[in-house]
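Residues per chain, in single letters:
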Amino acid sequence: MRHSTKDNYLYLTTTPVPRLIVSLAVPTIISMLVTSFYNMADTYFVGKINTQSTAAVGIVFSVMSIIQAVGFFFGHGSGNYISRKLGAQETGNAEKMAATGFFWALFMGIFLAVVGLIFLTPLSLALGSTPTILPYTEKYLGIILLGAPFMTASLVLNNQIRFQGNAAYAMVGIVSGAVINVILDPILIFVFDMGISGAALATVISQICSFSLLLYMCRKGGNIRIRFRNFTPSLAFIKEIIGGGTPSLARQGLASVATILLNVAAGAYGDAAIAGMSIVTRIAMFINAFLIGFGQGFQPVCGFNYGAGLYARVRQGFWFCVKVGFIFLLVCALAGMGFAEEIVSLFRKGDPDVIAVGAAALRWQFITFPLGSWIVMSNMMLQTIRKPVKATIISSARQGLFFIPLIFILPHYLGLQGVEMCQAVADLLTFILAIPLTCSVLNEMKRKQAEQL
């Protein structure tokens, strides 16, 4: 952990790139894995109640994706700017952006909570709830919405701290909340007999704890403190947030739309199909948590060094992350192909319909899994170095440009199998699209590097 802005600058611009990325990635990987694990824990414990509760958690996940999209929009939009300004040693602007991103996210979280609670029933139906799932969705969603302001603000704090090169501090806040959630889940669900409401309450309590710890961590390790007097809602800062955060908003927002459409498409084949696809989504998220965490270790390295004009270090870091991510995902895919039924049954043992749908979808997902390394790292690099158009295209492609049309087309011709294979086909097409968009920027940095010699 570093103890001043100057120390961070030297550390991020002089340490050997592979060692630097690994040191920053370890805490972010832990954060992502633990966060994903507690999402899986919700599914696991709720799966002990009934199929409808499992499906309801999957349905509400799309709303949580929207809330997260807002948090990532302000968190990445402000964080990218902060890392570049600290790399250029412009601390004053970085402090103003930190406060601006945080308070905008907090206000938007409150707005989402109020609107969601007012329209709770129509929203639950629009998300894909069947008549048998609706009561469980309303219970779960009604409580989850109360935590929206804490979730959006926590994501901003987490990303801002991470972009400053202090990922270990961010990890403490995120992991602590996740651990609390996992502990509270079985207590509230089974001991207090609260059912699905207990799972939702455990999630909200954990988010409040994470928010409090992250706010405290802003005072440690040379991190920028959040002060309301630095809140600067000027057009210039808003443009920076939009430019840096739109790819994240597009990615998360379209992920939410894709989840809703997936639930609707799966719903045509019964509650078991919705539950099975929900389980596969959580499993894929858990494995991808390593890749995303590793990429997040690269982002502050990318931002600082790009801001300092050290383009060779940016390119070196990108290729290092792509190679490591590809090998990891390939190993996971090969290992998981033969045990798909066993993996899905961990969440819904004794339910053959859910297991059959989940196992088939999981095998399709594993086929294109390794391609995610190039997609994720390309998106993170382009977003961090302020290439918003290309970053937004890539982030929109996987679950927007390709997934949304495919979820209508494939099930029409292939039935349930079309639902199961939709994400894999979308991933393949996104990989093909991302190659020219990313290579053009890598070549541009190579030219700039040559000009400096």
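Thresholds applied
- Position labels on residues start from 1 in each chain and follow its written sequence.
- Predicted model: local features are reported for residues with pLDDT of at least 70 only, side-chain atom pairs are reported and counted for 80 or more only, and whole-chain, interface and lining totals are derived from all residues.
- Just so you know, side-chain values use all the structure's heavy atoms and leave hydrogens and water out.
- UniProt positions are given in the numbering used here, feature names are shortened, and annotations may be inferred rather than shown by experiment.
- What fixes the domain bounds is an automatic or database domain assignment.
- In this description, contact between two residues means that some pair of their heavy atoms is separated by no more than 4.5 Å.
- Put simply, buried area is the surface a 1.4 Å probe can reach on two separate parts but cannot reach once they are joined, added for both.
- Any carboxyl oxygen of Asp or Glu within 4 Å of a side-chain nitrogen of Lys or Arg constitutes a salt bridge here.
- Within 3.5 Å is the distance limit for a polar contact, defined as a pair of N or O atoms, with the added protein rule that one can donate a hydrogen and the other accept it, and that residues adjacent in sequence qualify only through two side-chain atoms.
- Helix and strand definitions here come from DSSP, where helices need a minimum of 4 consecutive H or I residues and strands a minimum of 2 consecutive E residues; each element is numbered from the N-terminal end.
- For this classification, Asp, Glu, Lys and Arg are treated as charged, while Ala, Val, Leu, Ile, Met, Phe, Trp, Tyr, Cys and Pro are nonpolar and the rest, including Gly, are polar.
- For the exposure calls, accessible area comes from a 1.4 Å probe over protein chains only, and a residue counts as buried if that area is under 20% of its type's maximum, exposed if over 50%, partly exposed in between.
- Multiply 1.5 Å by the residue count of a helix minus one, and that product is the helix's expected span.
- Axes are fitted to the seven residues ending at a residue and to the seven starting at it; the angle between these axes is taken as the bend at that residue.

Per an unreviewed UniProt entry, the chain goes by the name Multidrug export protein MepA and belongs to Bacteroides cellulosilyticus CL02T12C19. Turning to the chain, the UniProt record has this under Subcellular location (unreviewed entry): "Cell membrane". A UniProt comment under Sequence similarities (unreviewed entry) is attached to the chain, and it reads "Belongs to the multi antimicrobial extrusion (MATE) (TC 2.A.66.1) family. MepA subfamily."

Right, let's talk about the domain arrangement of the chain for a bit. Accessible area lost on assembly of the parts is the figure often given for the size of an interface. Assigned domains within the chain: domain 1 (5-233) and domain 2 (268-451). Put simply, the middle of domain 1 and the middle of domain 2, counted by C-alpha atoms, are 20 Å apart. Of the residues lining the interface, 47 residues belong to domain 1; the matching set on domain 2 comes to 40 residues. Both sides of the domain 1 and domain 2 interface together cover about 3,900 Å² of buried area, and 67% of this is carbon and sulfur. At the junction of domain 1 and domain 2, the tally comes to 0 salt bridges. On the surface where domain 1 and domain 2 come into contact, there are 12 residue pairs in polar contact (both at pLDDT 80 or more). Elements that contribute at least two residues to the side of domain 1 that touches domain 2 include exactly α1 (5-14), α2 (17-46), α3 (51-87) and α7 (148-163). Counting residues per element, the side of domain 1 that touches domain 2 draws most heavily on α2, at 17 residues. Here the residues of the side of domain 1 that touches domain 2 are counted per class, giving 22 nonpolar, 23 polar and 2 charged.

By the secondary structure assignment, M381 is in helix α15 (residues 372-384). Setting aside anything within four residues of it in sequence, one finds M381 in contact with F298, C302, V314, F318, T438, V441, L442 and M445.

You can see F45 is positioned in helix α2. A relative accessible area of 16% places F45 in the buried class. Measuring from C-alpha to C-alpha, the distance between F45 and V182 comes to 9.4 Å, with 137 residues separating the pair along the chain. For F45, the residues in contact, after removing those within four places along its chain, are V182, D185, P186, I189 and F190.

For the rest of this paragraph, the subject is helix α11 (residues 271-307). The end-to-end C-alpha distance of α11, which contains 37 residues, comes to 50 Å, matching closely the 54 Å that a straight helix rising 1.5 Å per residue would cover. At N288, α11 shows its strongest bend, of approximately 35°. Burial analysis of α11 places 32 of its 37 residues in the buried class, which makes it a mostly covered element. A positive backbone phi angle near 80° is found at G309, which sits one or two residues after α11.

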